[in-house]
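Chain and residue survey
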Amino acid sequence: QVQLVESGGGLVQAGDSLRLSCAASGRTFSNYNMGWFRQAPGKEREFVARISGSGGITAYTDSVKGRFTISRDNAKNTVYLQMNSLKSEDTAVYYCAARMSDTNVYKYWGQGTQVTVSS
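Residue positions are counted from 1 within each chain, in the order its sequence is given. The predicted nature of this model means local features are confined to residues of pLDDT at least 70 and side-chain atom pairs, given and counted, to a pLDDT of 80 or more, with totals for whole chains, interfaces and linings taken over all residues. Calculated side-chain values reflect all of the structure's heavy atoms, with hydrogen atoms and water omitted.

We count a salt bridge whenever a side-chain nitrogen from Lys or Arg sits within 4 Å of a carboxyl oxygen from Asp or Glu. The final tally for this structure, using the stated rule, is four salt bridges. A salt bridge links Arg38 to Asp90, with the nearest nitrogen and oxygen atoms 2.9 Å apart. Residue Arg38 is located in strand S4 (residues 32–39), and its partner Asp90 is located in the loop between strand S8 (78–83) and strand S9 (92–100); the two are separated by 52 residues in the primary sequence. You can call Arg38 buried: its relative accessible area is 5%. We note a salt bridge from Asp62 to Lys65, for which the minimum N-O separation is 3.0 Å. Through salt bridges with shared partners, a single network forms among Arg38, Glu46, Arg67 and Asp90. What counts as a helix is a DSSP run of H or I of at least four residues, what counts as a strand is a run of E of at least two, and both are numbered from the N terminus. Each residue gets one of three labels from its accessible area relative to the maximum for its type: buried under 20%, exposed over 50%, partly exposed in between, using a 1.4 Å probe on protein chains only.

Below, the structure written as structure tokens:
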């Protein structure tokens, strides 16, 4: 069982930066691949970034490549999403999620944190 709690969202202006954090419970955090997703008003939830259990493999959706960076600190049971050069289209509720490495299904989800970018 993994419980996830996101933090770090807020209201910023276009071009600003934010760092989201996702704190996980449990003793086996490094066994989980972690992902960040987002859902804008009236849209479906979409993948943003993911990172392997060791942190050595990352992937991003095209719209955030070069602007967002996912990282993790397994000693702190925390995954981060550094978001730079924010755009109004990045406005969404951001969720972190966890899955075991032997499945593509994210089983555990946080409650989400709101990111609003004003233009």
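Having seen the structure, we can now continue with the description.
Its relative accessible area of 1% is what places Asp90 among the buried residues. Separated by 14 residues in sequence, Asp90 and Lys76 have C-alpha atoms that sit 27 Å apart. Only heavy atoms enter the contact rule, under which two residues are in contact if any of them lie within 4.5 Å. When sequence neighbours within four positions are dropped, the list of residues in contact with Asp90 reads Arg38, Arg67, Phe68, Ser85, Val115 and Val117. For the purposes of these results, a polar contact is taken to be a pair of N or O atoms within 3.5 Å, where, inside protein, one atom must be able to donate a hydrogen and its partner to accept one; residues adjacent in sequence count only when each atom of the pair is a side-chain atom. In this structure the side chain of Asp90 is engaged in a polar contact, spanning 2.8 Å, whose partner is the side chain of Arg67.

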